[in-house]
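# A look at the structure
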Amino acid sequence: MTNKDNNFIVRSAGFEDAEAIFELIKSYPEELIARPMSDIVENIDRFVICITDSKVVGTVSWQILPEIGAPKQPSVEIKSLAVHKDHQSSGIGKTLVNAAIDHIKTLHPAQIIALTFHPEFYTKLGFEVIPKETLIHKIYMGCKNCSKYDSPFTCPEVAVAMKIQK
Ligand SMILES: CC(C)(COP(=O)(O)OP(=O)(O)OC[C@H]1O[C@@H](n2cnc3c(N)ncnc32)[C@H](O)[C@@H]1OP(=O)(O)O)[C@@H](O)C(=O)NCCC(=O)NCCS
């Protein structure tokens with residue numbers, strides 16, 4: 001996908017992008033959970049990146065949340081969204097999330113979710129704020145190793161979801 005107005009390209013990541021993705025996520029330690037290089041490489045098919053002037057300036061990823069038995073409410077989380085400081089406010093974040101949504105929709109999930117410090121960014125894209133308590137899977141997967149907050153319910157991150165019509 002190319003945005004001609006802003007001169008950037010959004011495409012699926014390849015192995016050659018792993019180092020740049022690693023550095024970009026690491027540059028936001030307050031906002032994002034760091035991801036080891038091995039995790040990025042093993043999940044490289046779940047990353048989309050934005051390139052401008054041959055440099056990776058944005059990335060986003062997604063993860064399927066676990067279900068017990070046959071999937072009743074399959075949910076996919078958008079995570080590791082980062083746009084380089086010098087390239088923010090140019091529509092890159094929005095384009096990356098929309099590209100991730102397009103990929104995720106091919107799986108026919110019931111919903112796409114995110115935990116975010118910037119809920120307005122997501123509500124502008126069609127997500128709605130939901131109670132965190134409805135995301136027990138996510139809390140188990142992502143929050144159990146958090147050392148910043150004693151409980152997901154004291155963490156200021158907000159849960160948002162986009163329901164997908166069947
Ligand atoms: C949050 C982030 C991804 C936004 O990326 P971006 O490329 O600057 O955002 P865009 O230019 O695509 O903005 C799209 C829309 O969201 C709005 N927006 C952008 N950042 C926002 C924020 N922090 N809070 C609320 N709204 C925001 C913009 O005003 C714009 O609105 P418009 O469509 O009405 O003009 C980027 O600031 C970032 O990487 N932050 C640090 C890492 C981080 O916080 N990651 C988690 C994000 S949930």
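First, a word on scope: everything that follows refers to the structure included in this document. Keep in mind it's a predicted model, so treat the numbers as computed, not measured.

Before going further, it helps to spend a moment on the site of the ligand. Close to the ligand lie 18 residues; Glu31, Gln88, Gly93, Lys94 and His118 are nearest. Looking at the shell around the ligand, the elements that each hand over two or more residues are strand S5 (75–83), helix H3 (92–105) and helix H4 (119–123). Across the shell around the ligand, the residue classes break down as 7 nonpolar, 7 polar and 4 charged.

In this model, H3 (14 residues) spans 20 Å end to end at C-alpha, consistent with the 20 Å of a helix rising 1.5 Å per residue. Of the residues making up H3, those classed as buried are Ile92, Gly93, Thr95, Leu96, Val97, Ala100 and Ile104.

On to the nonpolar core, then. One finds Ile21, Ile78, Leu96 and Ala100 to be the most contacted residues of the largest nonpolar core, which totals 37 residues. Those elements that provide at least two residues to this core are helix H1 (18–26), strand S3 (47–52), strand S4 (55–64), S5, H3, strand S6 (111–116) and strand S8 (158–163). Sequence-distant contacts of Ile21, that is, excluding residues within four places in its chain, are made with Ala13, Ile40, Phe47, Ile49, Val56 and Thr59.

What counts, and where the lines are drawn
Residues numbered from 1 in each chain as written. Predicted model: local features only at pLDDT ≥ 70, side-chain atom pairs only at ≥ 80, totals over all residues. Near = placed C-beta within 6 Å. Helix = DSSP H or I, 4+ residues; strand = E, 2+ residues; numbered from the N terminus. Nonpolar A, V, L, I, M, F, W, Y, C, P; charged D, E, K, R; others polar. Expected span 1.5 Å × (residues − 1). Buried ≥ 20, exposed ≤ 12 C-beta atoms within 10 Å, placed from the backbone. Core = buried A, V, L, I, M, F, W, Y, C linked by C-beta atoms within 7 Å. Contact = placed C-beta atoms within 7 Å.

By themselves, these are just geometric observations and shouldn't be taken as functional.
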